[in-house]
Amino acid sequence: MNVAARKQPPTVRLRRLAAEIRALRHGAGLTREDVAERTHMNPATLWRLETARARPQRRTLLGLLDVYGVTDPERRAELVDLAKDAGQLGWLQAYEDQLPDEYSTYISFESEAQSVRNYESLFVPGLLQTEAYARAVTAGLLPDGTEAEVERRVEARLRRQESISKAEPLKVWAILDESVLHRKVGGAAVMHDQLQHLAKLTKLPNITVQVLPYEVGAHPGMYGAFAVMSFPDPADSDLVYIENRVNALFLERDTDIASYTDLFEHLRAAALNPAASVRLITRAAEQD
């Protein structure tokens, strides 16, 4: 059996297909080694399919369905269609070969999410950034990047922001450490515009911003930023994203999702309420 090499980030549909393939194997009571003996597929290849690191060709998928005893024509057609749609990237297709794999993957999932709960301790979340602020942040994070590289990432970030103003907009609940309001990214003028923009965005029904004030002191969010994404289809479980300079992690285990969901709720309770947060953001803008 052949598998198409993945040259693009996974989508929510590919993640769902991987979960379906994994569940069917478990339901058939087979190990990856069992499947390898029956199909001559390398167990490592099957692992890639079951973890959304590769998309199966139609022939490969049908062969697995035969092994797993899936004979219902409608069920088989449903999974084949899911595999066919799993590679659709939309606008990201034009950028994904110029962005880090983990970032492309995050954008792919975010573009299909219904809501994002985001905690940031150092800068304004990408979905809520002005163009000038985004450019300053990107240049700061990529000190060795060329001007062209910085601009492409800024373009991609601005395209991401279309998700908060589309017909069925992405719901964003952002919690920011107060230090985010005072770090003059790009200088005083850029920061002033960014804070005004942030306050304006909170008037949208799908955008909620809270600020975690200095007075809170030490808190569990000090481990670092994270995002929890939820999706429209109940079949697609939540996904947690955390990153640092050298890598990024997508957490899918129920225990990890529960841990970060509880953490977000803890931070939300400790933060200023949305109205008080907007007042603090506005005061910070006036000081710049």
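Before reading on, note that the structure itself is shown above.
My aim in this report is to walk through the structure given alongside it, one point at a time. (Residues numbered from 1 in each chain as written. Predicted model: local features only at pLDDT ≥ 70, side-chain atom pairs only at ≥ 80, totals over all residues. Heavy atoms only, no water.)

### Some words on unusual backbone geometry
In step 1: One non-glycine residue, His-40, lies in the positive phi region at around 65°.
In step 2: Note on placement: His-40 falls in the loop between helix 2 (32–39) and helix 3 (43–50).
In step 3: The class for His-40 is exposed, based on a relative accessible area of 72%. (Helix = DSSP H or I, 4+ residues; strand = E, 2+ residues; numbered from the N terminus. Buried < 20%, exposed > 50% of the residue type's maximum accessible area, 1.4 Å probe, protein only.)

### Considering the nonpolar core
In step 1: Core analysis: the biggest nonpolar cluster contains 36 residues, and Leu-128, Met-229 and Ile-281 have the highest contact counts within it.
In step 2: The element best represented in this core is helix 10 (residues 188–201), accounting for 6 residues.
In step 3: Ignoring anything within four residues of it in the chain, the contact list for Ile-281 reads Leu-181, Leu-195, Leu-198, Ala-199, Val-209 and Val-211. (Core = buried A, V, L, I, M, F, W, Y, C linked by side-chain atoms within 4.5 Å. Contact = heavy atoms within 4.5 Å.)

### So, helix 10
An α-helix turns once per 3.6 residues; consequently, residues spaced three or four apart project the same way.
In step 1: For helix 10, with 14 residues, the first-to-last C-alpha span of 20 Å sits near the 20 Å given by 1.5 Å per residue.
In step 2: Three or more residues of helix 10 are buried, namely Val-190, Met-191, Gln-194, Leu-195, Leu-198, Ala-199 and Leu-201. Buried residues in helix 10, looked at end-on, bunch into an arc of 165°, giving them a common side. Residues Ala-189 and Lys-200 are exposed on helix 10 and point more than 90 degrees away from its buried face.
In step 3: Elements that come into contact with the buried residues of helix 10 comprise helix 7 (131–141), strand 4 (171–177), helix 9 (179–182), strand 5 (207–212) and helix 12 (274–287). (Expected span 1.5 Å × (residues − 1). Arc of directions from axis to C-beta.)

### What to know about the pairing of strand 6 (residues 226–230)
Residues in a regular strand project their side chains so that they alternate between the two faces of the sheet.
In step 1: A large share of strand 6 lies buried, amounting to 5 of its 5 residues.
In step 2: Of the two faces of strand 6, the one holding Phe-226, Val-228 and Ser-230 and the one holding Ala-227 and Met-229 are both buried throughout.
In step 3: In this sheet, strand 6 lies alongside strand 3 (residues 115–120) in antiparallel orientation, the contact comprising 5 bridges. Looking at strand 6, one finds that Val-116 is bridged to Met-229. (Pairing = 2+ DSSP bridges.)

### Looking at the sheet that holds strand 4
In step 1: Spatial strand order, 5-4-3-6-7-8: 6 strands in an open sheet with mixed pairing. Both outer strands of the open sheet, strand 5 and strand 8 (248–251), are each paired with one neighbouring strand and no more. Sheet twist, expressed as the mean angle between neighbouring strand axes with direction ignored, is 15°.
In step 2: Where strand 6 and strand 7 (residues 239–243) come together, 3 bridges link them in antiparallel fashion. Directly across from Met-229, in strand 7, lies its bridge partner Leu-239. (Axes fitted to C-alpha atoms, helices over the stretch in contact; angles between N-to-C directions.)

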